[in-house]
Amino acid sequence: MYLPEHFAETRPEWLHAFIEQHPLGLLCRNGPQGLNADHLPFWLDAASGPQGTLLAHVARANPLWQERGQGAGACPVLVVFRGADGYVSPGWYPSKQQTQRVVPTWNYEAVHVHGLLSVHDELRHVRRVVARLTQRHEAGQPQPWKMGDAPPDYLEQMLQAIVGIEVRITRIEGKRKLSQNRTAADRAGLLAALQQRGQQALAQAVQQASPDV
């Protein structure tokens, strides 16, 4: 990823928190037919490995795990996590009225995880991953669904239909392209425009990256 220094985010705690807040990752790999990508919700086990481990599951019919083969060596993959993003008009910058030396751009936050993919086709592992994902995403529900709510035979059938995967993280890159290269006045103008247009997620990201505005 092209990563200018003023847009780079390297703090592990921030990178991990970003993944937890935006768990739907795009897993990219080079398969037998060329590049492939799968959209998967991941659970981050930050304590597993030097930089953490991503865990997920895929449908048994998905060729991702079949092409790897049970017991095959881990293969390199890239997982992309995206946060808030949006168009930025030059008219939102006060400096446009002063110099006209501004152009449109697109602001965004993203985290790229490089790692080694391995397959776990064991019921115990799959059950653990599903349990963790369920606990994480049901936590805010008025009546959280639990695996025990489903009939045992039905749950067993569903678990048999999926395969566990993990990505042992080898490198993480974070990019926060949020107009940090503009003046404080321009960033304040951007923030006001985003808030006025109801783009609260991107406005919050800009404010967090520019606490001086």
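Quick look at the structure, then. Bear in mind the structure is a predicted one, so any value in this text is a computation, not a measurement. (Residues numbered from 1 in each chain as written. Predicted model: local features only at pLDDT ≥ 70, side-chain atom pairs only at ≥ 80, totals over all residues. Heavy atoms only, no water.)

Focus on the packing of aromatic side chains
Scanning all chains against the criterion turns up three aromatic pairs. On the numbers, 6.2 Å between centres and 65 degrees between planes, the contact of Tyr87 with Trp106 is edge-to-face. Of the two residues, Tyr87 sits in strand 6 (residues 75–88) while Trp106 sits in strand 7 (residues 105–120), which places them 19 residues apart along the sequence. On the accessibility criterion, Trp106 (44% relative accessible area) is partly exposed. Taking NZ or CZ as reference, Arg182 lies 4.7 Å from the ring centre of Tyr93, over its face. (Phe/Tyr/Trp six-rings, centres within 6.5 Å; stacked < 30°, edge-to-face > 60°. Helix = DSSP H or I, 4+ residues; strand = E, 2+ residues; numbered from the N terminus. Buried < 20%, exposed > 50% of the residue type's maximum accessible area, 1.4 Å probe, protein only. Lys NZ or Arg CZ within 6 Å of the ring centre and 35° of its normal.)

Concerning the pattern of salt bridges
Applying the stated rule across the entire model yields 13 salt bridges. The partner of Glu166 in a salt bridge is Arg168, and the shortest N-O contact between them spans 3.8 Å. Residue Arg182 pairs with Asp186 through a salt bridge whose shortest N-O separation is 2.9 Å. A relative accessible area of 2% places Asp186 in the buried class. Through salt bridges with shared partners, a single ionic network connects Glu9, Arg11, Glu109 and Arg176. (Salt bridge = Lys/Arg side-chain N within 4 Å of Asp/Glu carboxyl O.)

Examining the packing of helix 4 (residues 123–138) against helix 5 (residues 152–160)
Where helix 4 contacts helix 5, the two axes come as close as 10 Å, and the packing angle between them is 100 degrees. Taken together, the axes of helix 4 and helix 5 lie roughly perpendicular to each other. For the pair helix 4 and helix 5, contact is made by Leu123, Val126, Arg127 and Val130 and by Leu155, Glu156, Leu159 and Gln160, respectively. (Axes fitted to C-alpha atoms, helices over the stretch in contact; angles between N-to-C directions. Parallel < 35°, antiparallel > 145°, perpendicular 65-115°, else oblique. Contact = heavy atoms within 4.5 Å.)

Points about helix 7 (residues 200–209)
For helix 7, the set of buried residues is Leu202, Ala203, Ala205 and Val206. Projection of helix 7 onto a plane perpendicular to its axis shows the buried side chains occupying an angular sector of 160 degrees, all on one side. On its buried face, helix 7 sits against strand 6, strand 7, strand 8 (162–177) and helix 6 (184–196). (Arc of directions from axis to C-beta.)

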